[in-house]
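A look at the structure
Chain by chain, the residues run as shown.
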Amino acid sequence: MPGDEQAENKEEDQAGVVKFGWVKGVLVRCMLNIWGVMLFIRLSWIVGEAGIGLGVIIILLSTMVTSITGLSTSAIATNGFVRGGLGVIIIGLSVVVTTLTGISMSAICTNGVVRGGGAYYLISRSLGPEFGGSIGLIFAFANAVAVAMYVVGFAETVVDLLKESNSMMVDPTNDIRIIGSITVVILLGISVAGMEWEAKAQVILLIILLIAIVNFFIGTVIPSNNDKKSRGFFNYQASIFAENFGPSFTKGEGFFSVFAIFFPAATGILAGANISGDLEDPQDAIPRGTMLAIFITTVAYIGVAICVGACVVRDATGSMNDTVISGMNCNGSAACGLGYDFSRCRHEPCQYGLMNNFQVMSMVSGFGPLITAGIFSATLSSALASLVSAPKVFQALCKDNIYKALQFFAKGYGKNNEPLRGYFLTFVIAMAFILIAELNTIAPIISNFFLASYALINFSCFHASYAKSPGWRPAYGIYNMWVSLFGAILCCAVMFVINWWAAVITYVIEFFLYIYVTYKKPDVNWGSSTQALSYVSALDNALELTTVEDHVKNFRPQCIVLTGGPMTRPALLDITHAFTKNSGLCICCEVFVGPRKLCVKEMNSGMAKKQAWLIKNKIKAFYAAVAADCFRDGVRSLLQASGLGRMKPNTLVIGYKKNWRKAPLTEIENYVGIIHDAFDFEIGVVIVRISQGFDISQVLQVQDELEKLEQERLALEATIKDNECEEESGGLRGLFKKAGKLNITKPTPKKDSSINTIQSMHVGEINQKLVEASTQFKKKQGKGTIDVWWLFDDGGLTLLIPYILTLRKKWKDCKLRIYVGGKINRIEEEKITMASLLSKFRIKFADIHVIGDINIKPNKESWKFFEEMIEPYRLHESCKDLTTAEKLKRETPWKITDAELEAVKEKSYRQVRLNELLQEHSRAANLIVLSLPVARKGSISDWLYMAWLEILTKNLPPVLLVRGNHKNVLTFYS
């Protein structure tokens with residue numbers, strides 16, 4: 001697939017690595033697997049049950065799931081048979097399934113480089129690790145069990161021959177076990193010897209199989225003798241063709257049961273794809289070899305079905321005495337035109353004819369033992385292909401480390417990176433099922449495992465096309481996404497047709513593995529179509545949202561959080577995430593100030609790392625950064641440009657500027673200016689204050705230095721172990737001991753100035769309070785209160801945020817206490833009014849407090865503290881002459897004038913008084929949510945405003961100062 005990253009399995013570029021072309025690597029393997037034992041053992045029975053017409057259709061439908069061209073060809077080819085028998089239909093149905101799958105697989109294979117792993121690689125790189133990991137495991141297991149199935153089929157044939165010659169070793173069951181065990185050991189030896197030997201063995205087996213097929217066709221034109229006629233073979237006869245053209249199902253059989261028996265013959269189309277890592281050019285070899293193999297084997301199946309149906313009657317006793325004269329009847333039964341009525345006039349049970357398995361092929365063929373050799377060739381080749389496929393697919397799965405417990409099997413050996421461990425695991429699984437010697441129960445599940453793989457290959461092609469990713473550009477153009485979807489649905493339907501309970505088991509296992517891989521979230525990125533479709537869906541939903549007007553019922557806080565790097569202010573991010581998680585947008589923003597070139601470079605280099613930190617810490621937020629000449633300009637840009645359509649921020653969250661009294665003038669101007677800018681852009685503001693502050697960048701710096709020191713210590717330890725000289729070793733040990741005793745108070749001398757940070761603090765005393773404060777919102781808050789001081793009607797944001805917090809797991813035990821201002825003589829009335837209002841808003845609360853003395857003057861001590869706090873920033877122009885006062889105003893326009901202080905004295909009183917009330921009522925609260933006072937731009941100086949915020953929130957639990965944009969966010973209506 002395009003865009004494969006360095007994590008992909010790398011092909012070994014060594015001289016002598018064996019690589020196969022499309023003939024030996026794909027065509028030969030697919031032909032051997034598709035033909036299999038079904039051609040010799042079951043095809044004549046299928047024609048006998050379903051008739052020539054429906055039988056051929058079943059073959060075509062089984063083979064044609066993956067090719068549009070093949071689909072059209074099959075439709076034309078089967079048109080003449082649909083009205084007659086069902087045999088052609090059965091063959092046709094199988095051809096449709098495999099051909100459609102072949103087309104989808106060809107499209108996927110030609111959309112980029114294909115590495116080892118076959119079906120697993122194609123599905124996982126198309127649909128992602130969840131689908132690939134689930135189907136890869138059951139597909140590898142299915143191939144391992146298929147080894148046992150084919151070997152037991154071979155063993156059963158050998159045991160039948162031993163029965164005929166009366167040469168049984170023990171009994172039929174144990175003879176199957178003995179022969180099967182010996183066979184699988186020999187096959188394992190061929191596989192372990194290397195792919196080259198295995199490929200040579202496959203070619204030899206194909207030659208034997210082709211000779212057996214040719215031998216059958218030659219036998220159909222060799223004149224039949226009386227012995228063969230007594231067993232039902234009459235060469236080509238129009239009357240036999242007509243008789244066999246229609247279905248004649250025996251008791252308990254029907255179209256679907258016959259199809260279920262035949263379809264496993266069509267499960268060999270992935271034999272070439274499964275060794276994709278050993279192909280010279282998988283992109284060319286897999287489509288060409290697979291599609292040609294489907295065509296050749298389909299022609300062979302249809303040819304054999306028609307020929308055997310035109311030459312052999314359905315039933316025969318093997319006795320020439322069971323004959324009647326043409327046109328007469330025996331016991332009321334009609335005679336056939338040949339004078340033999342083997343199917344109806346029976347003096348003894350029928351042992352021959354179409355309904356009696358592979359004896360038909362041996363009887364019709366020119367030389368019977370060649371058919372037996374063909375059966376041996378078909379079973380052994382299929383077993384050998386499965387024995388190679390299972391470890392290859394399993395190794396690719398293990399290399400991707402989706403299931404960490406299976407990493408042991410990822411190791412390869414030799415120039416071809418052979419999965420020897422996988423070979424032995426497959427051998428053990430195969431031996432276990434061979435010893436069972438009864439695979440009738442497991443066989444339907446295996447067929448369904450293969451069909452599930454086919455379904456996902458088809459769905460992968462459809463999904464990649466539907467996602468409309470520009471990266472989906474397959475060179476194989478003969479495909480259609482809707483045909484691929486039809487192929488996927490058809491495969492799922494066939495699974496239930498073959499065996500409904502096996503289909504259910506397959507889906508349950510695949511679903512369980514899908515959930516497991518999804519939960520584990522493997523660290524891979526293959527550019528799957530699932531990602532592409534997620535993008536398309538998100539884009540469509542975002543565009544659809546723009547067509548809908550905002551409604552107050554759907555309002556949710558969508559926040560820009562000025563965290564800087566998200567890891568530097570985790571507490572600020574945690575409290576914001578608490579009321580945006582799963583409900584609103586959260587963007588962690590950082591402004592890089594300085595020379596544009598350097599800032600952009602630093603910004604770009606950290607984007608992925610900081611977003612990855614958010615993902616790692618399971619914080620549902622985005623990271624955004626801008627480079628600007630000053631901090632305020634950067635924030636202004638973020639406020640205007642962040643978000644998309646309706647998913648735009650409506651709330652700005654910032655930390656309280658704890659060091660405002662020591663900060664430069666420009667920083668204060670920027671800080672207060674940002675608040676004004678937010679209101680100008682109709683964005684609400686939340687200022688969060690905690691006692692220790694938010695910035696832990698100093699702690700992170702210390703941790704980085706400690707990690708570097710630890711790496712140096714480990715490097716010194718490694719150097720000591722590798723050093724063989726005792727003197728040098730002793731010197732290094734002394735140095736190591738010093739490094740081992742290294743701590744923050746006595747660090748190793750370095751030129752790096754950042755080490756001074758470590759020298760100033762002890763390891764155990766790195767501002768422990770700051771570290772604890774940074775995690776306080778990660779902890780469960782326990783039973784407590786969130787005190788809401790709703791002092792201004794800002795649209796309801798001050799109420800909505802604490803309500804959302806109480807819905808979160810960490811805050812659900814906290815009760816809301818509502819505080820509002822009121823008149824002393826109307827406290828009860830206003831309390832009732834507020835309770836009614838909150839009930840209409842459906843806000844649950846524990847208590848309501850109406851504060852009647854909110855507007856009285858604060859006590860003298862509190863006011864004195866406030867005056868002392870603002871003293872350094874006052875102009876005191878009233879104490880100076882007019883000229884001096886005017887000069888001072890021009891030189892220090894930011895200072896607090898006496899006139900300004902007098903004009904807003906009542907508001908200053910209010911802030912000081914509020915702190916007294918907060919100290920009195922909310923000192924023990926878990927969190928205080930308080931209406932943010934707003935300073936009118938140009939009327940109140942920045943320093944005075946900062947003093948208000950300081951006096952309002954000092955010596956309190958965590959405080960959220962909230963002010964909405966005066967747009968309603970709460971409604972009475974449902």
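Rules and cut-offs
All residue numbers here refer to positions counted from 1 along the written sequence of the relevant chain. The predicted origin of the model limits local features to residues at a pLDDT of at least 70 and limits the giving and counting of side-chain atom pairs to 80 or more, whereas totals for whole chains, interfaces and linings rest on all residues. Excluding hydrogens and water, the side-chain values take into account all heavy atoms of the structure. UniProt positions are given in the numbering used here, feature names are shortened, and annotations may be inferred rather than shown by experiment. Only DSSP runs of H or I reaching four residues or more are called helices, and only runs of E reaching two or more are called strands; each is numbered from the N terminus. Note on exposure labels: buried denotes an accessible area under 20% of the residue type's maximum, exposed denotes more than 50%, and partly exposed covers the range between, all computed with a 1.4 Å probe on protein chains only. The criterion used for residue contact is that any of the two residues' heavy atoms lie within 4.5 Å. Values of accessible area rely on a 1.4 Å probe in the Shrake-Rupley scheme; residue burial ignores everything except the protein chains shown. Two rings from Phe, Tyr or Trp (for Trp, the six-membered ring) form a pair when their centres sit within 6.5 Å of each other. Planes less than 30 degrees apart are called stacked, planes more than 60 degrees apart edge-to-face, and all others tilted. Whether a charge lies above a ring is judged from NZ of Lys or CZ of Arg, which has to be within 6 Å of the ring centre and within 35 degrees of the ring normal. By definition, two strands form a pair when at least two bridges between them are found by DSSP. Every crossover in which the path from the first strand over the helix to the second runs clockwise, viewed with the strands pointing away from the viewer, is termed right-handed. By definition here, a helix of n residues has an expected span of 1.5 Å times n minus one. With axes taken as lines fitted to C-alpha atoms, and helix axes fitted only over the stretch in contact, angles between N-to-C directions fall between 0 and 180 degrees. Reported orientations rely on four angle classes, namely roughly parallel under 35 degrees, roughly antiparallel over 145, roughly perpendicular from 65 to 115, and oblique for the rest. Residue classes follow a fixed rule: Ala, Val, Leu, Ile, Met, Phe, Trp, Tyr, Cys and Pro count as nonpolar, while Asp, Glu, Lys and Arg count as charged, and any other residue, Gly among them, counts as polar. Detection works on a 1 Å grid of protein atoms alone, calling trapped sets that fit a 1.4 Å probe cavities and calling open sets with protein on both sides within 12 Å along at least five of seven lines pockets, with lining residues defined by an atom within 4 Å of a point. Grid points are joined across faces, edges and corners, and a volume is the space filled by probe spheres set on the points. A residue counts toward a patch only above 30% relative accessible area and without a salt bridge, and it is joined to like-charged neighbours within 9 Å or, for Val, Leu, Ile, Met, Phe, Trp and Tyr, to nonpolar neighbours within 5 Å. What counts as a salt bridge is simple: a side-chain nitrogen of Lys or Arg found within 4 Å of a carboxyl oxygen of Asp or Glu. Only buried Ala, Val, Leu, Ile, Met, Phe, Trp, Tyr and Cys residues count toward a nonpolar core, and they belong to the same one when joined by side-chain atoms within 4.5 Å. If you view the pair so one helix is near and one far, a crossing is left-handed when the near helix is turned anticlockwise from the far one by less than a right angle, and right-handed when it is turned clockwise. pLDDT: the predictor's confidence for each residue, scored from 0 to 100.

As recorded by an unreviewed UniProt entry, the chain carries the name Solute carrier family 12 member 1 isoform X5 and is attributed to Balaenoptera musculus. The UniProt entry for the chain carries the following comment under Catalytic activity (unreviewed entry): "K(+)(out) + 2 chloride(out) + Na(+)(out) = K(+)(in) + 2 chloride(in) + Na(+)(in)". Taken from UniProt, the Sequence similarities (unreviewed entry) comment for the chain reads in full: "Belongs to the SLC12A transporter family."

Our next topic: the overall build of the chain. Per the secondary structure count, the chain includes 35 helices and 12 strands. Within the chain, the fraction of its 974 residues that count as buried is 54%. Across the chain, every contact between residues at least 6 apart in sequence was considered, and the portion connecting residues at least 24 apart equals 82%. Within the structure as shown, the chain displays about 43900 Å² of accessible surface, and the carbon and sulfur contribution to it stands at 57%.

Our focus in this paragraph is the packing of aromatic side chains. For the structure shown, the criterion picks out 23 aromatic pairs. Plain terms: the ring middles of Y403 and Y516 are 5.8 Å apart, the flat faces sit at 10° to each other, and that makes the pair stacked. On the criterion of sequence distance, the pair formed by Y403 in the loop between α15 (368–399) and α16 (420–436) and Y516 in helix α19 (residues 500–520) is long-range, its members being 113 residues apart. Site record: aromatic cluster; members linked through ring pairs are F459, F462, Y466 and W482. Stacked on the ring of F20, the Lys or Arg R29 has its end atom at 5.7 Å from the ring centre.

Counting buried positions along strand β6 (residues 651–655) gives 5 out of 5 residues, so the element sits mostly inside the fold. The side-chain alternation of β6 yields two buried faces, one formed by T651, V653 and G655 and the other by L652 and I654. Strand direction decides the pairing type here: strand β3 (residues 559–562) and β6, joined by 3 bridges, are parallel. Note that in β6 the partner of I560 across the bridge is L652. Pairing between β6 and strand β7 (residues 684–689): 5 bridges, direction parallel. Across the sheet, I654 pairs through a bridge with I687, a residue of β7. You can see the chain leave β6, run along helix α24 (residues 665–680) and come back into β7, and the turn it takes is right-handed.

Under the 1.5 Å per step criterion, the end-to-end length of helix α34 (residues 905–921) is 24 Å for 17 residues, consistent within 8% with the ideal 24 Å. What α34 keeps buried is the set S908, Y909, R910, Q911, V912, R913, L914, N915, E916, L917 and L918. Lining the buried residues of α34 we find β8 (784–789), β10 (847–851), α31 (860–870), β11 (927–931) and α35 (942–953).

To continue, consider the sheet that holds β8. Here we have 10 strands laid out as an open sheet, ordered β5-β4-β3-β6-β7-β12-β11-β8-β9-β10, and mixed in their pairing. Edge positions in the open sheet fall to β5 (622–628) and β10, since each of these has one partner strand only. Direction aside, the axes of adjacent strands within the sheet are offset by 20° on average. Two elements, strand β9 (residues 814–821) and β10, share 5 bridges in a ladder whose sense is parallel.

Let us look at the packing of helix α11 (residues 238–245) against helix α13 (residues 282–311). Two elements in contact, α11 and α13, have axes whose closest approach is 6 Å; the angle formed by their N-to-C orientations is 115°. Taken together, α11 and α13 sit at an angle that is classed as roughly perpendicular. Of the residues in α13, those touching α11 at I240, F241 and N244 are I306, G309, A310 and C311. Among the residues forming the contact of α11 with α13, the class breakdown is 5 nonpolar, 2 polar and no charged.

This part is about empty space enclosed by the protein. Inspection of every chain in the model, using the stated rule, returns 3 cavities of 30 Å³ or more. Reported here for the second largest cavity is a volume of approximately 90 Å³. Lining the second largest cavity are 13 residues, and of these N33, N143, T267, S386 and F450 sit closest to its centre. Contributions of two or more residues to the lining of the second largest cavity are made by α7 (129–164) and α15. Its residues assigned to classes, the lining of the second largest cavity comprises 6 nonpolar, 7 polar and no charged.

Once that is clear, we can look at a nonpolar patch on the surface. Together, M169, V170, I178, I182 and I186 line one region of the surface with nonpolar side chains, adding up to about 460 Å² of accessible area. Overall, M169 belongs to the partly exposed group, its relative accessible area being 45%.

Before going further, it helps to examine the nonpolar core. Of all hydrophobic cores here, the largest spans 147 residues; its most connected members are W35, F40, L270, Y301 and L451. W35 has contacts with L206, L209, L210, I213, I296, T297, A300 and Y301, leaving out every residue within four places of it along the chain. If you look at the next biggest cluster of nonpolar residues, it comprises 62 residues, including Y656, L791, W948 and L956.

Before going further, it helps to spend a moment on the side chain of T897. Its location among the elements puts T897 in the loop between α32 (882–891) and α33 (898–903). Take T897: its relative accessible area is 17%, and that puts it in the buried class. Setting aside its immediate chain neighbours within four residues, T897 contacts L875 and E877.

Between α15 and α16, the least distance of the axes is 8 Å, while the angle of their chain directions is 125°. It follows from the interaxial angle that α15 and α16 lie oblique. Two packed elements cross with a definite hand, and for α15 against α16 that hand is right-handed. Residues L387, V388, A390, P391, K392 and F394 of α15 form the contact with α16, whose participating residues are G422, Y423, L425 and T426. In terms of residue class, the contact of α15 with α16 is made up of 7 nonpolar, 2 polar and 1 charged.

Let's shift gears to the confidence of the model for the chain. Per-residue pLDDT for the chain averages 79, and the proportion of residues at 70 or more is 84%. Counting contacts from residues 64–85, a segment whose pLDDT is below 50, to residues more than four positions away or on other chains yields 75 contacts. Overall, residues 323–349 carries pLDDT values under 50, and its contacts beyond four positions in sequence, including any with other chains, amount to 52 contacts.

Our focus in this paragraph is unusual backbone geometry. Within the chain, N582 stands out as a residue other than glycine whose phi angle is a positive 65°. Positionally, N582 belongs in the loop between α21 (570–580) and β4 (586–593). Taking relative accessible area as the criterion, N582 reaches 58% and is therefore assigned exposed. For N955, which is not glycine, the phi dihedral falls at a positive 55°. Within the element layout of this structure, N955 appears in the loop between α35 and β12 (959–963).

Once that is clear, we can look at the pattern of salt bridges. For the structure on display, the rule yields 22 salt bridges. Among the ionic pairs, D284 bridges to R288, the shortest N-O distance being 3.3 Å. In this pair, D284 and R288 are both assigned in helix α13, 4 residues apart and thus about one turn of the helix distant. Residue R288 is classed as partly exposed on the basis of its relative accessible area, which comes to 40%. The salt bridge partner of R569 is D695, with a shortest N-O separation of 3.7 Å. Here the residue R569 occupies a position in the loop between β3 and α21, and D695 occupies one in the loop between β7 and α25 (697–722), the gap between them amounting to 126 residues. Its relative accessible area of 25% is what places R569 among the partly exposed residues. Look at the salt bridges and you will find they share partners, linking R632, D633, R636 and D677 into a network.

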